Amino acid sequence: MRAVVYTGVGKTEESLRMGEIAKPSPGAHQVLVRVKASAITNMEYMRFGNIGLGRVLNLAMPAAGKPLGVEFAGIVEEIGDGVKGLKKGDAVFGLAKGFIGAWAEYVLANEKEVAPKPDSLSFEQAGALPTGGITALGAVCAAKIRPGQEVLIQGASGGVGHFVVQLAKAYGGIVTAVCSTRNVEMAQGLGADHVIDYKKEDIAGTGKTYDRIIAVNGYHPLSVYKKLLNQGGRYVLIGGTPKALSGMAAGPVRAFGSGKKFGSAAFPFQPKRQRLEELGRLADEGKVKPYIDHIYTPDETAKAIEYVLAEHPQGKVAFRMEF
């Protein structure tokens, strides 16, 4: 089968080549999916965007000689023994087995990490939903958002943040999105009740406080978020800079006696069918929809990655997998 093979050496263009590799076969409780679409996730960004993190990832999850690609949407081609609830010909979306291999004609996936594709989404949209959607859903659940609560979302326009905005609204939150000037209109379109342009206004100086704060990468000190939280409020960090993550170690101390809770959802990633099905349900109810910045083809993979590294795209960058 045709695939975008990762060599593991050189710059982006040198590290990727179109090649022929063996078509996999599904084992027990696995499905083989003909890939119709995929997207760039933080896993690929780490491999190409930061030498230190990329080296760690390459050691932890070796990929040389294999296709990259974590998430996908496509058509079930074969099913392995014991698979339930899926059959050949089903349109599905999900995550590649071992979080690698989706940038190919066919991909293997564990049955618990695949769900029926939402009817309301195109293949490109569905293929861009799993990782960011699951991460955002994990953070929203960790924040325990309730209807009518004031929710501040920092980093509201990226591959995870734009899902957080929509999910926080779906769970009844009154959402204030924080983003840059060029993303204000996008955040409004996602359903945010209020938008703060951080290039024009400092969230710490607005005088407003919140019941819940979800910060993608957490660019402010924990002390700032503490002041922004109401009594009994919750702060959830998604991912984070090394400084932000190290600061979370002091979370219990800073929270002591305040009635406020601080938690790191750096890895709220639970790729189970129930979460994919929940995202699919919300999508078909019109409450969640991936925002697609650009769509590329497999031949343009290097170009797509360079775009993500250079431009900080709105939402997701997707692939239409036409080989």
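As shown above, the structure is provided for reference.
The paragraphs below set out a description of the structure included in this document. Because the structure is a prediction, the values reported are computed rather than measured. (Residues numbered from 1 in each chain as written. Predicted model: local features only at pLDDT ≥ 70, side-chain atom pairs only at ≥ 80, totals over all residues. Heavy atoms only, no water.)

Pairing between side chains becomes possible if they bear opposite charge and their charged atoms approach one another. The final tally for this structure, using the stated rule, is nine salt bridges. As a salt-bridge pair, Lys316 and Glu71 come within 2.8 Å of each other at their nearest N and O atoms. With Lys316 in strand S16 (residues 316-320) and Glu71 in strand S5 (residues 71-79), this pair connects stretches of sequence that are 245 residues apart. When sorted by exposure, Lys316 lands in the same class as Glu71, which is buried. Put simply, Arg281 and Glu278 hold a salt bridge, and the shortest N to O gap is 2.9 Å. Here the residue Arg281 and the residue Glu278 both occupy positions in helix H11 (residues 273-284), the gap between them amounting to three residues, near one helical turn. Residue Arg281 is classed as partly exposed on the basis of its relative accessible area of 38%. Via salt bridges that share partners, Glu278, Arg281, Glu285 and Lys287 belong to a single interconnected network. (Salt bridge = Lys/Arg side-chain N within 4 Å of Asp/Glu carboxyl O. Helix = DSSP H or I, 4+ residues; strand = E, 2+ residues; numbered from the N terminus. Buried < 20%, exposed > 50% of the residue type's maximum accessible area, 1.4 Å probe, protein only.)

The backbone phi angle of His29 is positive, close to 60°, even though this residue is not glycine. Within the element layout of this structure, His29 appears in the loop between strand S2 (16-20) and strand S3 (30-39). Residue Asn217 is not a glycine yet carries a positive backbone phi of 80°. Asn217 sits in the partly exposed class, given a relative accessible area of 26%.

Spatial ordering of the open sheet is given by S2-S1-S4, a layout of three strands whose pairing is antiparallel. The open sheet has two edge strands, S2 and strand S4 (66-67), and neither has a second partner. As defined by bridge partners, strand S1 (residues 2-6) adjoins S4 across two bridges and the pair is classed as antiparallel. Paired with Tyr6 across the two strands is Lys66, which belongs to S4. (Pairing = 2+ DSSP bridges.)

Taken across its ten residues, helix H6 (residues 161-170) has eight buried, putting it largely inside the fold. Restricting attention to buried positions, one finds in H6 the residues Gly161, His162, Phe163, Val164, Val165, Gln166, Leu167 and Ala168. Immediately beyond the C-terminal end of H6, within one or two residues, lies Gly172, with a positive phi of roughly 95°.

To continue, consider the environment of Lys88. In this structure, Lys88 sits in the loop between S5 and strand S6 (91-95). Spatially, the C-alpha atom of Lys88 lies 5.4 Å from that of Glu77, the residues being eleven residues apart in sequence. What Lys88 contacts, discounting residues up to four positions off in sequence, is Val76, Glu77 and Ile79. (Contact = heavy atoms within 4.5 Å.)

Among the secondary structure elements, Val92 is positioned in strand S6. Placed 34 residues apart in sequence, Val92 and Ala126 show a C-alpha to C-alpha distance of 8.4 Å. Not counting chain neighbours up to four residues away, the residues in contact with Val92 comprise Val33, Phe72, Ala73, Gly74, Val76, Leu86, Val114, Ala115, Pro116 and Lys117.

This next bit is on helix H2 (residues 42-49). Of the positions making up H2, those classed as buried are Glu44, Arg47 and Phe48. Each buried residue of H2 lies within a common arc of 85° when the element is viewed along its axis, so the set occupies one face. (Arc of directions from axis to C-beta.)

All right, on to the pairing of S5 then. Bridging between S3 and S5 involves seven bridges; their strand directions are antiparallel. Of the residues in S5, the one forming a bridge with Leu32 is Glu78. One ladder, built from five bridges, connects S5 with S6; its direction is antiparallel. Its bridge partner lying in S6, Glu71 is registered against Leu95.

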